[in-house]
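Descriptive analysis of the structure
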Amino acid sequence: MIIEGGIVYDPINGVLGEEMDLSIEDGRVVEKAGGSEVIDARGMLVMPGGVDAHAHIAGGKVNTGRIMRPEDGRRGTEPRTKLLRPSTGYTVPNCYAIGYRYARLGYTTAFEAATPILEARHTHEELEEIPIIDKGALTLFGNNWEVLECVRDGDLGKLAAFVAWGLLASRGYGVKVVNPGGGEAWGFGGNVKGIDDPVPSFDVTPREIIRYLMRANEALRLPHSVHLHTNNLGKPGNYETTLETLRAVEDIAASRNRQVLHVTHMQFSAYGGTGWRDFESKAPEIAGYFNRHDQFTMDMGQLIFGSATTMTADAPLEYGNARLLKAKWSNHDIELEESSGVVPIVYGRKNPINAIQWAIGLELALLTEDSWQMIMTTDHPNGGPFVNYPEVVALLMSRRKREEELATLHDLASKRTSLPSIEREMDWNEVAIVTRAGPARILGLPEKGHLGVGADGDVSIYEINPEKVDPSRDHEVVKAALARAKYTIKAGEVVVRDGEVVAVPQGSTYWVDASVPEADAARVRADLVEKFAKYYSIQMSNYMVQDAYVTRPRVVRAGVI
Amino acid sequence: MRNIVIRPRRHFRVPVEAERITPDLFAPLSIEEIRSLEVWEGNRRVALSELFDISGDEGPGRAEETQISLSGDFSRVKRVGEKMTCGRISVAGDVGMHAGNGMAAGEILVDGNAGDWLGREMRGGSIKVLGDAGDYVGAGYRGESCGMRGGEILIDGNAGDYLGEHLCGGAITVLGDVGDFPGIANRGGAIVIGGDAHLPGAEMASGTITVGGRARVLPSYQYVETVEIEGLRFKKFLGDLVEEGKGELYAASVEEGRG
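In this numbering scheme, every chain counts its residues from 1 along its sequence in written order. Chains carry letters and ligands carry numbers; both start at the beginning, A for chains and 1 for ligands, and go up in the order they are written. For a predicted model such as this one, the threshold for reporting local features is a pLDDT of at least 70, and the threshold for listing and counting side-chain atom pairs is 80 or more; totals across whole chains, interfaces and linings nevertheless cover every residue. Excluding hydrogens and water, the side-chain values take into account all heavy atoms of the structure.

Brief notes about the overall build of chain A
This is how the line gets drawn: Each helix is a run of DSSP H or I of at least 4 residues and each strand a run of E of at least 2, with the numbering of both proceeding from the N terminus. Here the globule rule reads 2.2 Å times residues to the power 0.38, and the radius of gyration is calculated from C-alpha atoms. Buried, partly exposed and exposed residues are distinguished by accessible area as a fraction of the type maximum, computed with a 1.4 Å probe on protein chains only: under 20%, between the cut-offs, and over 50%, respectively.
When you go through chain A residue by residue, the secondary structure sums to 18 helices and 24 strands. For 561 residues, the compact-globule estimate of 2.2 N^0.38 gives 24 Å, and the C-alpha radius of gyration of chain A, at 22 Å, lies within 12% of that figure. Principal axes of the C-alpha set define a box for chain A whose edges measure 65 × 55 × 45 Å. Here chain A holds 561 residues, and the buried ones make up 66% of them.

So, in structure tokens, the structure goes:
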């Protein structure tokens, strides 16, 4: 396949809006392809396929959201066609809709953000049903008893061996940490209030859990860094906890050419104020810190007005949400591993808190000077569904659009944030970084997020001429073009044409196989035999994700030996 | 007023999804165009004329001045009058489930009985049923926090369970008896029941329920006083206390068994 004459943005290879041809053969970008298939992309924007590094798209809590929200299911229903299966849902779409909608946006890769090992089979069952895109799942470790015991005993070798085993058991891709220690404390009705608040029964602190897991992550040379959901997330004044957490790990070095820590959906962790009355943005403080510390990265967690479904392993947060909103809610105890919760929410333009939250996400993205430290996300579906990504890009590219939006919001969005004074407007290169190149690099996917020779043949082509359209003024044009890719090409196959899905190949699933010294692995096995005998509700033989659950694996090797 | 008459051509063994039978959709169309509108019968998409005889005044006309007269057994014809915003539908006989779904204005009159989910998520207008109605009159869609928000439903006969579930506004009057849990999870609106009711107002946050007959009252309702309404004496309760609710429940007579 040859893609002819497009205006290409490929930041990793330093291509900044050059008119050039691309060749794809056998699913990969090549110097020159044979064959007769030619795609005419003249006058169109061409970028690598989009990469979503953080979205809740598969597994137990996503399905709990679907079960809890039949009223969401009826929004966004699309009947089956000869090619497509039926779609349902807006904030919690069915598996098919997730694949189709990502593809229509020009996205070709998405990672599920939080899977307890115990529920990983369910996650993979759903990932297998998501068509078109490549996938992966981050595995939860921050409240796991084995982790807490290794941290308590100061046994880094055993911890690394357990992380490797956990990734294998869950067929997971990376280390996700959610409210470390808090999820365990919640099993007994408590929470941790800061990074030095001890976890009941284990005598460890969130600071120690984060540090040890980061050290284990780097000892294993995993492709992705630790992916952290901070303590006190969602609470006024939590930016201090966030900064304290980052300062606590400044001395840890990355084992690979990437960040040492990714702090996710930062919008929810950049709050000032002593309560909801004096709630305000501390995004400038957070972004300023990131501007001085390039070893850290974050994603936005941008809020989208309207319906959302919050879902997280941070169960005490969800219980608080449910009480505050008087909304329906779900809480789960994931045995020795985590807790979790789901609460639907409607974000309102005239709600002062929501309006400020909306502004904080944009402030973070625009005040962080190096776009490589920032990923555009909505923490789907916590901040809002991923189908709204074109809206977020339009906001990042147009100060005029931000002003138009601010005029419709509660006026505290202008008074308690710095957004009105921010002049920066991202260009297409920066957009390509925060939606493709950056997330691919941050996840550690060398074949994604760029169009160099050897890269996966994942390309998105949009019917917008970056040389003619002024995104600042014509933000509606930008949004409309990004919402319906002219072409989405997945592994060299056209999957979307004129905004419609035209082919439904099955993508692959990434997971990381990390090797560890046998002595450490044996000590972990001995612990696990005891834990399954004493505490787990199921046998270990029914616990591991077997190969049958991951039919198209893409295994990344890592480890200490 | 332009009158359009619809009669079933045969007995329906499976439900017909007839959300297209509304004054809004019919008004701009000629009779021939109405005949060619498509609906689903079970899993088959068919022209309206395949299922029904359609006759009446030739169009087009204004929706406000459109009357649709359904004559015959429509008990398996669902979603009649869905989302209508004006005009009138009269049913000489029974009508199936989901009649008047989400209607905003206009009028539906049913001579016979109505099926379940009558006036689900209704916003305005009026529905009158001379016979009985099924379960979930004026209720919400599954999972939705609001059912009916406005308008008026009057049922001369009895109604089934979960009458006015998640009611947020408007008024429902049933002259006969109702089943279990009328007004469950209400957040406004008014329900008047002429006959008996079982466990009214469970999880009610606000709104009023008046039971002219006997009511089995939940133990989470607090008795306040006896009041006189239009010459009749009612026991007034507040609840549902498990939801810190401020709903008002009036019952002419309270069934034994309350603690």
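Some points on the packing of aromatic side chains
For any pair of aromatic rings, the description consists of the separation of the ring centres together with the inter-plane angle of the planes. Residue and element names in this part refer to chain A. Stated formally: Classification of ring pairs rests on two measures: the distance between centres of Phe, Tyr or Trp rings, Trp counted by its six-membered ring, which must be within 6.5 Å, and the angle between planes, read as stacked under 30 degrees, edge-to-face over 60 and tilted in between.
Overall, the coordinates contain 29 aromatic pairs over all chains when judged by the stated rule. Relative to F162, the ring of F141 has its centre 6.1 Å away and its plane inclined at 90°; by these criteria the two rings are edge-to-face. Remark: F162 occurs in helix α6 (residues 156-170) and F141 occurs in the loop between β8 (134-140) and α5 (145-153); sequence separation between them is 21 residues. Overall, F162 belongs to the buried group, its relative accessible area being 2%. Ring geometry for Y173 versus Y510: centroids 6.0 Å apart, planes at 75°, classification edge-to-face. In this pair, Y173 sits in the loop between α6 and β9 (174-178) while Y510 sits in strand β23 (residues 509-515), placing the two residues 337 residues apart along the sequence. A residue is classified by how much of its surface remains accessible, and Y510, at 1% relative accessible area, is buried. Ring pairs connect the aromatic residues F141, F162, W165, F532, Y536 and Y543, which therefore count as one cluster.

Quick look at the sheet that holds strand β17 (residues 338-347) of chain A
Residues and elements named next belong to chain A. Basically, it comes down to this: Here, strands pair whenever DSSP counts at least two bridges between them. Simply put, an axis is a line fit to the C-alpha atoms, just over the touching stretch for a helix, and the angle between two N-to-C directions goes from 0 to 180 degrees. In this description, contact between two residues means that some pair of their heavy atoms is separated by no more than 4.5 Å.
Sheet architecture is open: three strands sit in the order β15-β17-β16, paired in antiparallel fashion. Looking along the sheet, the strands with just one partner apiece sit at the ends: β15 (306-312) and β16 (330-334). Within the sheet, the average angular offset between the axes of one strand and its neighbour, ignoring direction, is 15°. Note: β15 against β17, seven bridges, orientation antiparallel. What sits directly across from T310, in β17, is V343. With respect to the sheet, helix α1 (residues 60-68) is in contact with β15, β16 and β17, its orientation differing from that of β17 by roughly 45°.

Observations concerning the interface of chain A and chain B
Rules: The term buried area denotes the loss of accessible surface (1.4 Å probe radius) that occurs when two parts are joined, taken as the sum for both partners. When a carboxyl oxygen of Asp or Glu is within 4 Å of a side-chain nitrogen of Lys or Arg, the pair counts as a salt bridge.
Counting residues at the interface gives six residues for chain A, matched by seven residues for chain B. Between chain A and chain B, roughly 490 Å² of surface is buried when both sides are summed, and carbon and sulfur atoms account for 39% of that area. On the chain A side of the interface with chain B, the three residues burying the most area are A:P70, A:E71 and A:R74, jointly 76% of the side's total. For the interface between chain A and chain B, the tally reads three salt bridges. Put simply, A:R74 and B:E121 hold a salt bridge, and the shortest N to O gap is 2.6 Å.

Side note on the pattern of salt bridges
Residue and element names in this part refer to chain A. Under the definition given, this model contains 59 salt bridges over all chains. Here E126 and R66 are joined by a salt bridge, their closest N and O atoms 3.0 Å apart. Note that E126 is positioned in helix α4 (residues 120-129) and R66 in helix α1, a separation of 60 residues in sequence. One network of salt bridges, with partners in common, ties together R28, D134, E447, K448, D456, D458, K490 and R554.

A closer look at the side chain of A:R121
Residue and element names in this part refer to chain A. For clarity, the threshold we go by: Working convention for charge: Lys and Arg count positive, Asp and Glu count negative, and His plus the chain ends are omitted.
Along the chain, the position of R121 falls in helix α4. Buried within the structure, R121 lacks any salt-bridge partner; E125 is the closest side chain of opposite charge, at an N-O distance of 7.3 Å. When residues no more than four places from it in sequence are discounted, the contact partners of R121 are S541, N542, Y543, M544, V545, Q546 and Y549.

Some details on unusual backbone geometry
Most peptide bonds take the trans configuration, and most residues that are not glycine carry a negative phi. The step from B:G59 to B:P60 runs through a cis peptide bond, and the omega angle for that step is -5°. Its place among the elements puts B:P60 in the loop between β5 (52-56) and β6 (66-71). Here B:G239 and B:D240 are connected by a cis peptide whose omega angle stands at 0°. Along the polypeptide, B:D240 turns up in the loop between β17 (232-239) and β18 (247-254). Backbone geometry places A:A491, a non-glycine residue, at a positive phi of 50°. Take A:A491: it is sitting in the loop between β20 (487-490) and β21 (493-497). The residue B:E203 is not glycine, and still its phi comes out positive at about 65°. Here B:E203 lies in the loop between β14 (197-198) and β15 (206-216).

Section: the sheet that holds strand β7 (residues 77-78) of chain B
Residues and elements named next belong to chain B. Read across the sheet, four strands follow the order β4-β3-β2-β7 without closing on themselves; strand pairing throughout is mixed. Lying at the two open borders of the sheet, with one neighbouring strand each, are β4 (44-47) and β7. Bridge analysis of strand β3 (residues 38-41) against β4 gives four bridges, and the strand direction is antiparallel. If you follow V39 over to β4, its bridge partner there is V46.

As for a nonpolar patch on the surface
Residues and elements named next belong to chain A. What counts here: Nonpolar side chains (Val, Leu, Ile, Met, Phe, Trp, Tyr) are joined into patches within 5 Å and like charges within 9 Å, using only residues with over 30% relative accessible area and no salt bridge. Each accessible area value is a Shrake-Rupley result obtained with a 1.4 Å probe; residue values ignore everything except the protein chains displayed when judging cover.
A surface patch of nonpolar side chains, about 290 Å² in accessible area, is lined by W276, L324 and L325. Within the fold, L325 resides in helix α11 (residues 315-325). Residue classification places L325 among the partly exposed residues on the basis of a relative accessible area of 37%.

Considering a negative patch on the surface
All names here are of chain A. For clarity, the threshold we go by: Charge positions are represented by NZ for Lys, CZ for Arg, CG for Asp and CD for Glu.
Side chains of E4, E19, D21 and E467 sit close together on the surface and give a patch of like negative charge. Position of E467 relative to the elements: it lies in the loop between β19 (459-462) and α17 (475-483). Looking at E467, the relative accessible area reads 55%, which means it is exposed.

Looking at the state of the cysteines
Residues and elements named next belong to chain B. Here is the rule: When the sulfur atoms of two cysteines come within 2.5 Å, that pair is taken as a disulfide.
For the structure shown, the criterion picks out one disulfide over all chains. Covalent S-S linkage joins C146 and C168, the inter-sulfur distance amounting to 2.0 Å. The S-S bond linking C146 to C168 shows a torsion near -95°; that makes this disulfide left-handed. Here C168 lies in the loop between β11 (152-155) and β12 (171-174) and C146 lies in the loop between β10 (126-129) and β11, a separation of 22 residues in the sequence. An identical accessibility class is assigned to C146 and C168; each is buried.

Overview of the pairing of β10(B)
Residues and elements named next belong to chain B. The side-chain alternation of β10 yields one buried face, formed by I127 and V129, and one unburied face, formed by S126 and K128. As defined by bridge partners, strand β9 (residues 107-110) adjoins β10 across four bridges and the pair is classed as parallel. Counterpart to E107 in the pairing with β10 is S126. With four bridges joining them, β10 and β11 adopt parallel strand pairing. Each bridged residue has a counterpart across the sheet, and for V129 the counterpart in β11 is I155.

Re the nonpolar core
Selection rule: Residues enter a nonpolar core if they are buried and are Ala, Val, Leu, Ile, Met, Phe, Trp, Tyr or Cys, with the set joined through side-chain atoms within 4.5 Å.
Counting 141 residues, the largest nonpolar core has A:Y102, A:V163, A:L213, A:L261 and A:W358 as the members making the most contacts within it. With ten residues, helix α12 (residues 352-367) of chain A is the single largest residue contributor to this core. For A:L261, the contacting residues outside a window of four places in its chain are A:M214, A:S225, A:V226, A:L228, A:L246, A:V249, A:Q295, A:F296 and A:T297. Counting residues in hydrophobic clusters, the runner-up holds 64 residues, among them B:A133, B:V178, B:L249 and B:A251.

Any functional reading would require information beyond the geometric quantities listed.
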